Amino acid sequence: MAQESSQAPRTHRVAVLVDAGTNPFEVGVATELFGLPRPELGLPRPLYEVTLCAPTREVRMNHGFFTLTDVAGLDAVDGADTLVVPGRPDIVVPRQAPVRDAIRRAHARGARVVSFCTGTFALAEAGLLDGRRAATHWKWADTFRRLHPRVLLEPDVLFVDEGDVLSASGSAAALDLGLYLWRRDHGAEIANTVSRRLVFAAHRDGGQRQFVERPLPEVPDGSLGPLLAWAQERLGEPLTVSDLAARAAVSPATLHRRFRARLGTTPLAWLTGERVALACRLIERGETRLEVVAARCGLGTAANLRARLRRETGLSPSDYRKRFGPAAR
């Protein structure tokens, strides 16, 4: 999706803090999301650039799969707009003092600090989470509460946004949080383009459950895919959960169980999230009439649109338009 103007925001600098024993997958998520070229966006310069940094020049990754060499020092953190702290399995042994100090410095000067999976432990060790909400992997929730009782842990969500500090619950949830940051920084249209390139769901709300009972359907014809595609084409219609259940030829209670088991959310929450995402895209494309946006995305009234958009993005429709609409490009 090419922008209409040759103007583009300045490149946002992302530092990924790699420590001994860090999980390679989460480092890969950060570099895939923010470090690769995005020619499909048609912009004159990248929106993000990534620097890997560490307390030592060589870092042995989790289980010794490989060793990173010639990694930038922790001073790279001091020039970053966003600091990403991936997780590592060794959660009981605190991070080294220089690592904790680098995290504190980044936060103190106003950088956005993001943790993936058990990287939340490092943020808590640095004192960034006392009295604040956070997410981490469900397997380590009890240990986290014991070690950091002053943190308001939300054990059953994908990610938590506290404004300047964000945390993803697990490795795959790091992708959800990363795409959420794309939406927050550059709007739904660009985030959707990136998600299509990744072949990953463009929008999963952070409040969805992190533990899905059956991540894959037991039989192919049990997939929710056709139903979701059918609903996405009819968001402007007065669809209800009963309508979705009738389309799937099951009871509403059965549909609710399937959504919970396979998507970690409810049919109504999924439908509302899709409608808000469509509203964002319509505003970004230049539609200024809130009644039209509300009708086309199925939110009904301008008042409901305002409430839902503010809950999802933290912005009013007019503020969202100023930040992501055609005039902002």
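Residues numbered from 1 in each chain as written. Predicted model: local features only at pLDDT ≥ 70, side-chain atom pairs only at ≥ 80, totals over all residues. Heavy atoms only, no water.

One side chain can pair with another of opposite charge once the charged atoms of both are near each other. Here the structure, examined in full by the defined rule, presents 21 salt bridges. Across the salt bridge formed by R132 and D164, the nearest N and O atoms sit 2.6 Å from each other. Here R132 is found in the loop between α3 (119-125) and β7 (133-134), whereas its partner D164 is found in the loop between β9 (159-161) and β10 (165-168), with 32 residues between them in sequence. Judged by its relative accessible area of 18%, R132 is buried. The partner of R285 in a salt bridge is E189, and the shortest N-O contact between them spans 3.0 Å. Residue R285 is located in the loop between α10 (267-284) and α11 (290-297), and its partner E189 is located in helix α6 (residues 188-198); the two are separated by 96 residues in the primary sequence. (Salt bridge = Lys/Arg side-chain N within 4 Å of Asp/Glu carboxyl O. Helix = DSSP H or I, 4+ residues; strand = E, 2+ residues; numbered from the N terminus. Buried < 20%, exposed > 50% of the residue type's maximum accessible area, 1.4 Å probe, protein only.)

Turning our eyes to something else, we now look at the pairing of strand β5 (residues 82-85). Burial along β5 is two-sided: the residues T82 and V84 and L83 and V85 are all buried. The sheet contact formed by strand β1 (residues 12-17) and β5 spans three bridges and is parallel. Each bridged residue has a counterpart across the sheet, and for A15 the counterpart in β5 is L83. With four bridges joining them, β5 and strand β6 (residues 112-116) adopt parallel strand pairing. (Pairing = 2+ DSSP bridges.)

Attention shifts here to the packing of helix α5 (residues 173-186) against α6. Remark: α5 packs on α6, axes separated minimally by 7 Å, with the N-to-C direction vectors making an angle of 150°. Looking at the two axes, α5 sits roughly antiparallel to α6. For the pair α5 and α6, the crossing hand works out as right-handed. Contacts between α5 and α6 involve L175, L179, W182, R183 and H186 on the former and, on the latter, A188, I190, A191, V194, S195 and L198. Residues that form the contact of α5 with α6 fall into these classes: eight nonpolar, two polar and one charged. (Axes fitted to C-alpha atoms, helices over the stretch in contact; angles between N-to-C directions. Parallel < 35°, antiparallel > 145°, perpendicular 65-115°, else oblique. Left-handed = near helix turned anticlockwise from the far one by under 90°. Contact = heavy atoms within 4.5 Å. Nonpolar A, V, L, I, M, F, W, Y, C, P; charged D, E, K, R; others polar.)

So, on to helix α13 (residues 317-324). Here α13 has its buried residues at P317, Y320 and F324. Projection of α13 onto a plane perpendicular to its axis shows the buried side chains occupying an angular sector of 60°, all on one side. Lining the buried residues of α13 we find α5, α6, α10, α11 and α12 (302-313). (Arc of directions from axis to C-beta.)

Bringing the packing of aromatic side chains into the picture now. Applying the stated criterion to the full structure yields six aromatic pairs. A ring pair is formed by F121 and F144, whose centres lie 5.0 Å apart and whose planes are at 85°; its orientation type is edge-to-face. Remark: F144 occurs in helix α4 (residues 141-147) and F121 occurs in helix α3; sequence separation between them is 23 residues. Put simply, the rings of F34, Y48 and W182 pair up and form one aromatic cluster. (Phe/Tyr/Trp six-rings, centres within 6.5 Å; stacked < 30°, edge-to-face > 60°.)

Close reading of the predicted structure is inappropriate where its pLDDT is low. Across the chain, pLDDT averages 86, with 89% of residues at or above 70. The low-confidence segment residues 1-6, where pLDDT is below 50, has 14 contacts with residues more than four positions distant or belonging to other chains. Low pLDDT, under 50, characterises residues 206-221; the stretch is placed with 38 contacts to residues that sit more than four places away or in other chains. (pLDDT = per-residue confidence, 0-100.)

Below, the discussion takes up the sheet that holds β1. In any sheet, the strands associate via hydrogen bonds between backbone groups, in a parallel or an antiparallel arrangement. Pairing is mixed across the open sheet formed by six strands, whose spatial order is β2-β1-β5-β6-β10-β9. Because the sheet does not close on itself, it has two edges, and the strands there are β2 (48-53) and β9. Averaged over all neighbouring strand pairs, the angle between strand axes comes to 15°, with direction disregarded. Here β6 runs beside β10; their pairing, made up of four bridges, is parallel. Of the residues in β10, the one forming a bridge with V113 is V165.

Unlike most non-glycine residues, D70 shows phi in positive territory, near 55°. Of note, D70 is situated in the loop between β4 (67-68) and β5. We note that A249 has phi near 60°; this positive angle belongs to a residue other than glycine. Note that A249 resides in the loop between α8 (241-248) and α9 (252-263). Residue A249 is classed as exposed on the basis of its relative accessible area, which comes to 67%.

Quick look at α12 now. Helix length check: α12 (twelve residues) gives 16 Å between terminal C-alpha atoms against 16 Å at 1.5 Å per residue, within 8%. What α12 keeps buried is the set A302, L305, L309 and E312. Viewed along the axis of α12, the buried residues span an arc of 95°, placing them on a single side of the element. Exposed residues lying more than 90 degrees from the buried face of α12 are A303 and R311. Of the surrounding secondary structure, the elements contacted by the buried residues of α12 are α5, α10, α11 and α13. Looking at the residues trailing α12, positive phi occurs at G314, about 80°. (Expected span 1.5 Å × (residues − 1).)

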